[in-house]
Amino acid sequence: MYSKDGENYFIVDAHIALWDARPENQRNVHGKQFIDCFYDYHRNLSPAEELWTYEEYLYQGGERLMKDLFEDGYVDHAIFQPAYLGEFYKNGFGQTKEAYELAAAHPDKLTYNHCFDPRDGERGLDRLRADHEKMKFTGVKLYTAEWHGESRGYKLSDPWAFRYFEECRKLGIKNIHVHKGPTIRPLDRDSFDVSDVDHVASDFTDLNFIVEHVGLPRLEDFCWIATQEPNVYGGLAVAMPFMHTRPRYFAQIIGELIYWIGEDRIFFSSDYALWTPRWLVERFVDFQIPEDMTEYAPITTEQKKKILGLNAAKMYNIPVPPELQLPDAGETATGPRQPERADLAGAA
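Residues numbered from 1 in each chain as written. Predicted model: local features only at pLDDT ≥ 70, side-chain atom pairs only at ≥ 80, totals over all residues. Heavy atoms only, no water.

Visitor: What exactly am I supposed to notice about the layout of surface pockets here?
Guide: The probe, sized like a water molecule, is rolled over the atoms to show the empty space still left. Of the pockets and cavities examined, the largest pocket occupies roughly 590 Å³. Taken together, 27 residues form the lining of the largest pocket, with Y84, C115, F116, D120 and R127 sitting closest to its centre. When residues of the lining of the largest pocket are traced back to their parent elements, those giving at least two are α4 (96-105), α5 (121-135) and β6 (139-142). Considering every element that reaches the lining of the largest pocket, the biggest residue donor is α5, with 7 residues. Residues that form the lining of the largest pocket fall into these classes: 11 nonpolar, 5 polar and 11 charged. (1 Å grid on protein atoms, 1.4 Å probe; cavity = no way out; pocket = protein on both sides within 12 Å on 5 of 7 lines; lining within 4 Å. Points joined across faces, edges and corners; volume = space filled by probe spheres on them. Helix = DSSP H or I, 4+ residues; strand = E, 2+ residues; numbered from the N terminus. Nonpolar A, V, L, I, M, F, W, Y, C, P; charged D, E, K, R; others polar.)

What follows is the structure, given as structure tokens:
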């Protein structure tokens, strides 16, 4: 919990990872390119006092994660969003076994989400069923730009992806997190295009599609899609640290999101270990839209409480102490905000 000026905030970090990018796990030059790009994001968007060395950035481990999030970072609960990247790393980039075991040891603090690749076909479906039988996860994280043999990406609307979503529906995996944001070397930018979210959100209305990184740099595309698809949500991973380097840009991002989809479908995310949550929580609680950006309304404390934790807590059934709840917090994951303005989709 974070407290400031008499207000208490329940914090859910909706996007964290344990990774291993050490040289002995790198399969080829692309493994080094990938973690180097991660480190460039960290180095260029972080305050000087929050910078890690390159060596400690390669691997953190569970003990440090627990300290960074729950001792130092104000986090009440966090959700793993692994990326496998088997073409770049011998034992995978996101350490799924280690993350799952850590979550199993701390179920009050951690939720484990899994990953799959629809290009694995029937074999992958069998593995998804077996993994779910063991781990009982309710969410997955997808990387549509991940390389797979000769393929350098896939679309959520591909026939095999539909087969996997149908299986998710049968298994009770309702929360589909998808990286649709800034590219990471050497992945292809266009494979992260957000447009295919529209297709699957329309066809799988009983699943939640959480667009990680809110589609950046395609924020406008994401907003138009999420406005008409009430089962589309936005994760603020990577967007958050712009509070430090480009506060007016972040004001535009959060202002547009609240205008288009409302505060009920936005999730705070540190993207640990790209960044640690402590300074992001502190700065977001203090953050306000600049007065001269009059196209956006000021962000209220209630809106910040929803974004920082109550929205994700509702989606993942994470218990929130009664004193930290809001009267309408129970509605945050059941449907879209009803804007006072005319419905743009229906106006035509």
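Visitor: Honestly, the pattern of salt bridges in this entry has me stumped. Any pointers?
Guide: Should their charged atoms come close, side chains of opposite charge can pair. All chains considered together, the criterion is met by 27 salt bridges. Among the salt bridges present, the one from E56 reaches R64, with a minimum N-O distance of 2.7 Å. We classify E56 as partly exposed; its relative accessible area is 26%. You can call R64 partly exposed: its relative accessible area is 27%. With a shortest N-O distance of 2.9 Å, K306 and D264 are connected by a salt bridge. Of this pair, K306 sits in helix α12 (residues 301-315) while D264 sits in the loop between α10 (247-260) and β10 (266-267); the two residues are 42 residues apart in sequence, bridging distant segments of the chain. On the accessibility criterion, D264 (12% relative accessible area) is buried. Through salt bridges that share partners, R189, D190, D193 and R218 make up one connected network. (Salt bridge = Lys/Arg side-chain N within 4 Å of Asp/Glu carboxyl O. Buried < 20%, exposed > 50% of the residue type's maximum accessible area, 1.4 Å probe, protein only.)

Visitor: I tried to follow the sheet that holds strand β3 (residues 12-16) on my own but got confused; where do I start?
Guide: Strands pair in a sheet through their backbones, by hydrogen bonds, and they do so in one of two ways: parallel or antiparallel. Taking strand neighbours across the sheet as the criterion, the 3 strands line up as β3-β4-β5 in an open arrangement whose pairing is parallel. For this open sheet the edge positions go to β3 and β5 (110-112), each flanked by a neighbour on one side alone. Pairs of neighbouring strands in the sheet enclose a mean axial angle of 20 degrees, with direction left out of account. Examined bridge by bridge, β3 and strand β4 (residues 77-80) share 3 bridges and lie parallel to one another. Its bridge partner lying in β4, D13 is registered against A78. (Pairing = 2+ DSSP bridges. Axes fitted to C-alpha atoms, helices over the stretch in contact; angles between N-to-C directions.)

Visitor: What am I meant to see in unusual backbone geometry here?
Guide: What you tend to see is this: most non-glycine residues have negative phi, and most peptide bonds are trans. In this chain, L216 is followed by P217 through a cis amide linkage whose omega measures 5 degrees. Counting through the fold element by element, P217 comes out in the loop between β8 (208-212) and α8 (219-228). Note that the residue after Y272, namely A273, is joined by a cis bond; omega there is 10 degrees. Along the chain, the position of A273 falls in the loop between β10 and α11 (277-286). The residue D5 is not glycine, and still its phi comes out positive at about 55 degrees. For D5, the position within the fold is in the loop between β1 (2-4) and β2 (7-9).

Visitor: What am I meant to see in empty space enclosed by the protein here?
Guide: On inspection of all chains with the given rule, the structure shows 1 cavity of 30 Å³ or more. Each pocket or cavity is described by its volume, and for the largest cavity that value is around 200 Å³. Lining the largest cavity are 20 residues, with H15, F38, Y143, D271 and L274 sitting closest to its centre. Taken together, the residues that form the lining of the largest cavity break down as 13 nonpolar, 5 polar and 2 charged.

Visitor: Can you walk me through the sheet that holds strand β9 (residues 232-235) in this structure?
Guide: Spatially, β6-β7-β8-β9-β10 is the arrangement adopted by the 5 strands of the open sheet, whose pairing is parallel. The open sheet has two edge strands with one neighbour each: β6 and β10. Summarising the sheet, strand β7 (residues 175-179) and β8 pair through 5 bridges and their orientation is parallel. Counterpart to N175 in the pairing with β8 is N208.

Visitor: Would you explain the side chain of H179 in this entry?
Guide: Among the secondary structure elements, H179 is positioned in strand β7. With residues up to four places along the chain from it excluded, the contact list for H179 reads K141, L142, Y143, T144, I184, F192, E212 and H213. (Contact = heavy atoms within 4.5 Å.)

These figures come from the coordinates and say nothing about function on their own.
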